[in-house]
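Commentary on secondary and tertiary structure
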Amino acid sequence: MPSVNLNVSYAPFVRTKDSIESVMYNVALALAPATIMSVWLFGMRALLVTLVCILSCIGFEWLMDTIRKKPASCLDGSALVTGLLLALNVPSNLPFWMLIIGSFIAIAAAKHVFGGLGYNIFNPALVARVFLLISFPAAMTSWPVPFAVDMETAASPLGILKTDGVAAAMKSLDLVNGFYGTMNGSMGETSTLALLAGAGWLFYKRYITFHIPLTMLGSVFLFTAIFHLIDPAAYAPPLFHMVTGGLILGTFFMATDMVTSPLSVRGQLIFGLGCGLLTAIIRLWGGYPEGVSFAILIMNGFVPLIDSWDLNDRKAIHQKKSVTT
Amino acid sequence: MPLPAELSIPLSQHLGKPAKPVVRMNDEVKKGQLVGEADGFISANVHASTSGKVRAIRPHPHPGGQYAMTVFITPDGKDEWAEGLNSAPVDWKGMSKEEILKKIRDAGVVGMGGAGFPTNVKLSPPPDKKIDTIILNGAECEPFLTADHRLMVESPEAVVAGLEIMASLFPGTLKLAIGIEANKPDAIDALQQYAVPKKIEVLALKTKYPQGAEKQLINAITGRNVGEGELPFDRGCIVQNIGTAVAVYDAVCRNRPLIERVVTVSGMEIARQKNISARIGTSFSDIIAFCGGMSEKTNQVISGGPMMGKAIFSLDVPVVKTTSGILFINNSALGKSRERACIRCGRCVEVCPQGLAPWLLANVAQLRQLEKIQLLGLANCTECGSCTYVCPSGRELVHWIKYAKALVSSRKQRKSA
Amino acid sequence: MISDAFIPAVSSLGAVALALGLIIHYVSKRFHVEEDPTVKLVNSILPGVNCGACGFPSCNQFAEVLVETRNNAMTCPVGGPDLAVKLGETLGMAMAEPKAQTAVVLCQGKNDVARRSAQYLGIQDCWAATQAFAGPKQCRYSCIGLGSCIAWCDFGAMRLENGLIVIDKNLCTGCAACIPVCPTGVLVMQDKKAARYFIACNSHDRGAATKKACDAGCTACQKCVKVCEDNAIVIEDFLARIIQEKCTACGKCIEVCPTKVNCIRLERDLNAVKQAS
Ligand code: SF4
Ligand code: SF4
Ligand code: SF4
Ligand code: SF4
């Protein structure tokens, strides 16, 4: 008998190939089309913004791990995704120091203060975005015009909607352009097409399910459609809401964030619905032109409640009939 | 396979109390002779699996991971049956209910799927529980294992006869069913031939894990839900393993105690993968030699299946009545993976067949909140391992759950002591 | 402009704060419970670690019950004789002295002494390991060496050293919290003595098996039993035990023990020595 090295561990002895890394790097990959699109639209400056965000997020992650004496997690991909999402959520002309502050807020304040990946209640990139929006409202809402050479800025279609009304907003935007992404806005949120392509990849890899996106987009669509039907002059058509602002980015990449969304399917449906309704309400009547970030953050806060409701309610065993013949 | 140089037969191969040894050192025993007598109601007889001499009785590694009192037999090579055993097939139809149950008990038949619950006990439910369904579990309990599959293809008549014998123990007409996963058409065909004339349904089930678990099987076949804290007979059902049915047939019609079983030898690191019929007490090292040896890359040898088996800590452990398979693997993730925080992906909740929240159970177990964890349905976990399998954070979910179960039961023991 | 928004905001918040403050004040006055000053006093002398060694969940409860029942048999093992004297002075009665005890590990199976079985790569916790198999050492009675017990010691008296738990007897207060949490039961309590001999082995395996598994294992060879003039050593189920009450600490047994790493251990207790002199 050859002497072998017997190792004892606990069952099961086969494990999924998926890991935190594979999940995170796939999300990053799914964000690639939108990133490329933003570089195409807003030029090299967009690339620099992306790099600054990613590097500073990874750097702060390393720093926090070191301070907290935790095993290094800076390369597990989560900081990369946070940085990428933050970059895609800001105008491409934002000063670098603001980006670094944003990264610090995202990693240190929104994530590590709560205990690191898995323990954070709020989506780090969104917290950073909202922090920047509140602290530097002017810088965060002067959007560079696509393909502009001289950093010309203008309001986004949603901004125009808020200040100048439906007619002006509709005139400023051709819905088809909005779908492709040639409009003013944050780096990554303009191109619905590129975002959907990335989301398709995540669906294919089964890293996200349709529950949250469907209820969220559906409720925004329905809600805005109802008001558009009541008064077309005061309320923009639902498709306008679909392609503008951060709705698509937020829906597919931030509301679906595993850590900050409910675990159960039922919970996810409620969560998506809440995000959608809040988004629509803020857009229609709120003080800010855009409401996706706030809506998701508010619903993030309700996740523990939704989860514990689900847990207490979960009595029946979900067994499905499985006789095939 | 050839007779090994020594057999080590543990006195505990079943759920419940270990058997009491009834032989002593240097005793001569015959094949099939009783060496351990059932001790108490939930216990089972243990027999010598060949003729020879008792060399020692002492604790020895057991494939379940612990040590157990074990009877060592040095075979004399004659392989002589004890008197009255291994008779020509007799007809069971004339036998009384008591006679059949006694034969099953005497032969030491236990559930051969994994838990090893004494079969005669399972077949004598409390009188107030009316049994109307007996199900044979042809859905292999775990991936990789094919021992039951082979039995179904090779001796379908014994399988069917075993089921009939069990059915005869209950009054009235019963629903008899054999559930087989749909990816085993040859087994379905083989059984259908014998089962259909006897009004036994052969049902194809979806191929998925854990289809072979009792509760899932009952639900799939009868649509009944065995709820929290209930046993199958509370819902009028008895589930038996294919191997057990054959053992029942052998015990009742051929007077053969359970001293041999089909074991699936599998995994990438063993030279010849196959199903072998091994005597109870054959050590794993003998089986390795018989199957052409294992490769240097083997880093884990598993008794049972990949999802619920146990990694053994010594190659001296013997095949026991519940050893459905032996796997030889190179687990490359071993030692590299580290548990990380739950990223709340929800996959474990999605896959748990018992509708639990494994991530939460594990977190609470880690904090040793033993009262809270019981409220979360700790006792309902069947330890199927699905949750650990899917977790991208590498969390040892079912191990934490098992850990909590151990702490809870030790605390209960301490309280009652 | 600023004051327009500012003044109402600050004044309304201030009003709310004032109202809440008044309510809290009222509630605390209205529902004030008079605490027995003796209980308070007793509580202040107690160690205040809430370890549970006395049988009460907290030091405060111990104090309450003691003051109420004046039961002088109640003891706090952590505080020891000193505390008993102080408590007696405070309450004006003679308190029973707790027996000074300490936890000991009946195992010396460090990694270089005890042979290993298989490598364990699961959750690093003794209980978790026992769910997977008999333990990473060949001897299944041994200290598993993953330190489950450490978390239960409120006094930081336990640490792991080369695969074996080690108890710092200067820190151990004898609270016994660690005893029931060990899955193999190698921890026991013993009275503190100036010089204390005990068999530091827990293996009930037969001599040959023990010897194969560990250099420090008691093989039940009977040598120590024969040499002991006070009949203080008994062998039960292949394991020797020194009956503490009978042992006179002559040290003869330790000389005849043939095991490679002597399984009979002598522990001197400086504190106990001090008290005795
Ligand atoms: S092992 Fe996991 S998936 Fe299986 S029943 Fe238990 S909690 Fe559910
Ligand atoms: S599968 Fe793992 S990471 Fe996902 S929710 Fe369950 S425990 Fe958490
Ligand atoms: S004494 Fe017991 S609990 Fe402590 S490390 Fe050893 S085996 Fe584990
Ligand atoms: S070692 Fe044990 S007895 Fe000693 S203080 Fe720690 S928990 Fe208490």
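Cut-off values and rules
- Residues numbered from 1 in each chain as written.
- Chains lettered and ligands numbered in written order.
- Predicted model: local features only at pLDDT ≥ 70, side-chain atom pairs only at ≥ 80, totals over all residues.
- Heavy atoms only, no water.
- Helix = DSSP H or I, 4+ residues; strand = E, 2+ residues; numbered from the N terminus.
- Buried < 20%, exposed > 50% of the residue type's maximum accessible area, 1.4 Å probe, protein only.
- Contact = heavy atoms within 4.5 Å.
- Areas by Shrake-Rupley, 256 points an atom, 1.4 Å probe, with all protein chains shown as cover.
- Rg over C-alpha atoms; globule rule 2.2 N^0.38 Å.
- Lys, Arg positive; Asp, Glu negative; His and termini not counted.
- Charge placed at Lys NZ, Arg CZ, Asp CG, Glu CD.
- Salt bridge = Lys/Arg side-chain N within 4 Å of Asp/Glu carboxyl O.
- Near = heavy atom within 4 Å.
- Nonpolar A, V, L, I, M, F, W, Y, C, P; charged D, E, K, R; others polar.
- Arc of directions from axis to C-beta.
- Patch = residues over 30% accessible without salt bridge, like charges linked within 9 Å, V, L, I, M, F, W, Y side chains within 5 Å.
- Phe/Tyr/Trp six-rings, centres within 6.5 Å; stacked < 30°, edge-to-face > 60°.
- Lys NZ or Arg CZ within 6 Å of the ring centre and 35° of its normal.
- Buried area = accessible area lost by both parts, 1.4 Å probe.
- Polar contact = N/O pair within 3.5 Å; in protein donor to acceptor, adjacent residues only side chain to side chain.
- Pairing = 2+ DSSP bridges.
- Domains from an automatic or database assignment.
- Axes fitted to C-alpha atoms, helices over the stretch in contact; angles between N-to-C directions.
- Parallel < 35°, antiparallel > 145°, perpendicular 65-115°, else oblique.

Points about the overall build of chain A
Counting its regular elements, chain A contains 14 helices and three strands. Taking the principal axes of the C-alpha coordinates as reference, chain A spans close to 80 × 50 × 35 Å. Per-residue burial for chain A yields a buried fraction of 57% across its 325 residues. For chain A, the proportion of contacts with a sequence separation of at least 24, taken over those separated by at least 6, is 75%. A total of about 13500 Å² of accessible surface is found on chain A, and carbon and sulfur atoms cover 71% of it.

A closer look at the overall build of chain B
Looking only at helices and strands, chain B features 13 helices and 16 strands. Taken over the C-alpha trace, chain B has a radius of gyration of 21 Å; the compact-globule value for 417 residues is 22 Å, and the two agree within 12%. Judged by the C-alpha coordinates and their principal axes, chain B covers about 65 × 50 × 50 Å. In chain B, which comprises 417 residues, the proportion classed as buried is 60%. Counted over contacts in chain B with a minimum sequence separation of 6, partners at least 24 positions apart contribute 69%. For chain B, the accessible surface area stands at approximately 16200 Å², while carbon and sulfur atoms represent 53% of it. Averaging the positions of the 50 positive and the 40 negative side-chain charges in chain B gives two centres separated by 6 Å.

Notes on the pattern of salt bridges
Going through the model one piece at a time under the given rule, you end up with 32 salt bridges over all chains. Linking E161(C) and K110(C) is a salt bridge whose minimum nitrogen-to-oxygen distance equals 3.1 Å. Separated by 51 residues along the polypeptide, E161(C) in strand 3 (residues 158-161) and K110(C) in the loop between strand 1 (101-105) and strand 2 (119-120) bring together distant segments of the chain. Through salt bridges with shared partners, a single ionic network connects K17(B), K20(B) and D39(B).

Re the site of ligand 4
Near ligand 4 the following residues occur: A103(C), C153(C), F155(C), M158(C), C172(C), T173(C), G174(C), C175(C), A176(C) and C178(C). Residues belonging to the shell around ligand 4 are distributed by class as follows: eight nonpolar, two polar and no charged.

What about the site of ligand 2?
Surveying the vicinity of ligand 2 reveals the residues L263(A), C342(B), I343(B), R344(B), C345(B), G346(B), C348(B), W359(B), C391(B), P392(B), S393(B) and L397(B). Ligand 2 is flanked by residues contributed from chains A and B. Of the residues assigned to the shell around ligand 2, the class counts are nine nonpolar, two polar and one charged.

Remarks on helix 1 (residues 97-106) of chain B
All names here are of chain B. Those residues of helix 1 that sit buried are I100, L101, K103 and I104. Around the axis of helix 1, the buried residues are gathered within 160° of arc, so they sit on the same side. Exposed side of helix 1, more than 90 degrees from the buried face: E98 and K102 are the residues found there. Considering only its buried residues, helix 1 is in contact with helix 2 (119-122), helix 4 (156-167) and helix 7 (242-254). G108, located one to two residues past helix 1, shows a positive phi value of around 65°.

A look at a negative patch on the surface
Together, E34(C), E35(C), D36(C), E64(C) and E68(C) line one region of the surface with negative charge. Examined against the element boundaries, E64(C) turns out to sit in helix 3 (residues 59-69).

Side note on the packing of aromatic side chains
This structure, assessed with the given rule, holds 17 aromatic pairs over all chains. Between the aromatic rings of W201(A) and Y204(A), the centroid separation amounts to 5.7 Å while the plane-to-plane angle is 35°, which identifies the pairing as tilted. Taken as a pair, W201(A) and Y204(A) lie in helix 9 (residues 192-204) at a separation of three residues, close to a single helical turn. For Y204(A), a relative accessible area of 62% puts it in the exposed group. Taken together, the ring pairs connect F223(A), F227(A), Y235(A) and W285(A) into an aromatic cluster. If you follow R344(B) out to its NZ or CZ, it ends over the ring of W359(B), 5.8 Å from the centre. Residue placement shows R30(C) over the ring face of F31(C); its charged tip is 5.3 Å from the ring centre.

A few points about a nonpolar patch on the surface
Residues and elements named next belong to chain C. The grouping of V16, L20, I23, Y26, V27 and F31 at the surface amounts to a nonpolar patch, some 610 Å² of accessible area in total. Looking at where F31 falls in the secondary structure, it is placed in the loop between helix 1 (2-30) and helix 2 (37-45). Note on F31: relative accessible area 56%, which makes it exposed.

Observations regarding the interface of chain A and chain C
On the chain C side, the residues contacting the five residues of chain A number eight residues. Carbon and sulfur atoms supply 64% of the area that chain A and chain C bury against each other, a total of about 530 Å² over both sides. The largest share of the area that chain A buries against chain C comes from N7(A), V8(A) and Y10(A), three residues that together contribute 75% of it. Counting across the interface, chain A meets chain C through zero salt bridges. Between the two partners, chain A and chain C, sit three residue pairs in polar contact (both at pLDDT 80 or more). Across the side of chain A that touches chain C, the residue classes break down as three nonpolar, two polar and no charged. Two strands pair when backbone bridges link them, and strand 1 (residues 7-8) of chain A and strand 2 of chain C are joined in this way by two bridges, in the parallel orientation.

Focus: the interface of chain B and chain A
With 66 residues of chain B at the interface, the matching set in chain A holds 45 residues. Where chain B abuts chain A, roughly 4800 Å² becomes buried across the two surfaces, and 59% of that area is made up of carbon and sulfur atoms. Joining chain B to chain A, the criterion identifies four salt bridges. Ionic pairing is found between D18(A) and R347(B), a salt bridge with its closest N-O pair at 2.8 Å. The dominant element in the side of chain B that touches chain A, judged by the number of residues it contributes, is helix 6 (residues 214-222) of chain B, at five residues. Of the residues in the side of chain B that touches chain A, the class split is 35 nonpolar, 19 polar and 12 charged.

Some words on the domain arrangement of chain B
The assigned domain composition of chain B is domain 1 (7-85 + 257-329), domain 2 (92-254) and domain 3 (347-416). Taking the mean C-alpha position of each, domain 1 of chain B and domain 3 of chain B sit 31 Å from one another.

Remarks on the packing of helix 1 (residues 20-42) of chain A against helix 2 (residues 44-67) of chain A
Residues and elements named next belong to chain A. Direction vectors running N to C along helix 1 and helix 2 enclose 140°, while the axes themselves pass 6 Å from each other. One finds that helix 1 runs oblique with respect to helix 2. When helix 1 is examined against helix 2, the residues T35, S38, V39 and F42 are found in contact with a partner set consisting of M44, R45, A46, L47 and T50. Per-class residue counts for the contact of helix 1 with helix 2 are five nonpolar, three polar and one charged.

Some points on the packing of helix 4 of chain B against helix 7 of chain B
Residue and element names in this part refer to chain B. Packing of helix 4 against helix 7 brings their axes to within 7 Å, and their N-to-C directions diverge by 75°. Considering their axes alone, helix 4 and helix 7 lie roughly perpendicular with respect to each other. When helix 4 is examined against helix 7, the residues A158, V159, A161, G162, L163, I165 and M166 are found in contact with a partner set consisting of I242, A245, V246, V248, Y249, V252 and C253. Broken down by class, the residue content of the contact of helix 4 with helix 7 amounts to 13 nonpolar, one polar and no charged.

Digging into the sheet that holds strand 5 (residues 46-47) of chain B
All names here are of chain B. The sheet built from three strands is open, its strands ordered 2-4-5 with antiparallel pairing. Where the open sheet ends on each side, the last strands, each with one partner, are strand 2 (20-21) and strand 5. When strand 4 (residues 34-37) meets strand 5, the two strands line up antiparallel, connected through two bridges. Note on strand 5: the bridge partner recorded for L34 is H47.

Thoughts on the environment of G65(B)
As for its position among the elements, G65(B) is in the loop between strand 6 (52-61) and strand 7 (67-75). For the pair G65(B) and G179(B), spaced 114 residues apart in sequence, the C-alpha to C-alpha distance is 31 Å. Contact partners of G65(B), with chain neighbours within four places excluded, come to F313(B), A132(C), F133(C) and A134(C).

Some remarks on unusual backbone geometry
Across the junction of A11(A) and P12(A), the peptide omega takes the value -10°, indicating a cis bond. Relative to the assigned elements, P12(A) resides in the loop between strand 1 and helix 1. Omega for the bond connecting Y209(B) with P210(B) falls within 30 degrees of zero, at -5°, which places this linkage in the cis form. With respect to the helices, strands and loops of the structure, P210(B) is situated in the loop between strand 10 (201-205) and helix 6.

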